[in-house]
Amino acid sequence: MPERTEPGPPASPRDAASPRTGPEPRGGSGVAGRNLLFLREEELRLAQDLLFFGYRDFTAGPDAILAELGMGRAHHRVLHFLGRRPGLTVGELLGILAITKQSLARVLTPLVAQGYVAQSTGRADRRQRHLSLTPAGEALERRLFERQRETVTRAYREAGPAAVEGFRHVMRGLMGPEARRGLERLGNRGPAASAIPPNPAAAMPAAATKSKAS
């Protein structure tokens, strides 16, 4: 007579509805690992909701500042990337923004006219136009950055280093090859997630955390 065995715990409806088609990912086990492999439509729609509302509130502060100046997000993008890489050529900026020359001209012309962006001719190739922020442009870009830095810093502190690293992986995964190349051209290989400023409200003091890490 075969030996009797006790039945294991019943599978959850979620597991039953998600047939396994391959091994679990490395480092993942149990329900958490399976959920990463088998994302249902509702979970994907939740991701869209999070991206929409997160981006809405992330841009709300700068939008208000720009509206006072008669500008919008297209102007912010130009200011941001020239702040990140002073001296970009028009061609390089077109590649980063993935827009037409006509679209860039509509944004760049008023920024130059109002004294936020300066143009210079390339030394090696006089056909090139190099773009950089003027002192007024640097001040405006910094003001916009400070508003968004508050939002990102708060979110990073609440989430913690592991979540921040996961967020970076997801965002890179959303990018196509050209966007990833643009990110790398800006020098964004990313500092370690552990470089997040410590949360003052955390249970362990920052000094103790630093001592433990060493």
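Further up the page is the structure itself.
Residues numbered from 1 in each chain as written. Predicted model: local features only at pLDDT ≥ 70, side-chain atom pairs only at ≥ 80, totals over all residues. Heavy atoms only, no water.

## Some details on the overall build of the chain
Selection criterion: A run of DSSP states H or I qualifies as a helix once it reaches four residues; a run of E qualifies as a strand once it reaches two. Both are numbered from the N-terminal end. Any residue under 20% of the maximum accessible area for its type is buried, any over 50% is exposed, and the rest in between are partly exposed; the area is computed with a 1.4 Å probe on protein chains only. The contact definition used throughout considers only heavy atoms, calling two residues in contact when any of these lie within 4.5 Å. Per-residue and other accessible areas follow the Shrake-Rupley method at a 1.4 Å probe size, with only the shown protein chains counted as cover for residues.
A tally of helices and strands in the chain yields ten helices and three strands. For the chain, the succession of helices and strands along the chain, N to C, is α-α-α-α-β-α-α-β-β-α-α-α-α. By residue count, 21% of the 214 residues in the chain fall in the buried class. Of all intrachain contacts in the chain linking residues separated by at least 6 positions in sequence, the fraction that spans at least 24 positions is 49%. For the chain, the computed accessible surface area is about 15,400 Å², with 58% contributed by carbon and sulfur atoms.

## Considerations on the packing of helix α3 (residues 41-68) against helix α7 (residues 135-159)
Threshold: All axes here are fitted lines through C-alpha atoms, helices being fitted over the stretch that makes contact, and every angle between N-to-C directions spans 0 to 180 degrees. Angle categories: roughly parallel below 35 degrees, roughly antiparallel above 145, roughly perpendicular from 65 to 115, and oblique for all the rest. Two helices crossing with the near one rotated counterclockwise from the far one by less than a right angle form a left-handed crossing, whereas a clockwise rotation gives a right-handed crossing. Note on residue classes: Ala, Val, Leu, Ile, Met, Phe, Trp, Tyr, Cys and Pro are nonpolar, Asp, Glu, Lys and Arg are charged, and everything else, Gly too, is polar.
For the pair α3 and α7, interaxial distance at closest approach is 8 Å and the crossing angle is 155°. Regarding the angle of α3 to α7, the classification is roughly antiparallel. The handedness of the crossing between α3 and α7 is right-handed. Side by side, α3 and α7 meet where F58, T59, G61, P62, I65, L66 and E68 of the first sit next to L140, R143, L144, R147, Q148 and V152 of the second. Residues that form the contact of α3 with α7 fall into these classes: seven nonpolar, three polar and three charged.

## Here we look at unusual backbone geometry
With a phi close to 55°, A98 is a non-glycine residue in the positive phi region. Mapped onto the fold, A98 is located in the loop between α5 (90-97) and α6 (101-113). Judged by relative accessible area, which is 67%, A98 ranks as exposed.

## Considerations on the sheet that holds strand β2 (residues 117-121)
Applied cut-off: The rule for pairing is simple: two strands pair if DSSP sees at least two bridges between them.
Ordered by their spatial adjacency, three strands build an open sheet running β1-β3-β2, and the pairing between neighbours is antiparallel. The sheet terminates laterally at β1 (88-89) and β2, the two strands that pair on one side only. Two elements, β2 and strand β3 (residues 129-133), share five bridges in a ladder whose sense is antiparallel. Counterpart to V117 in the pairing with β3 is L133.

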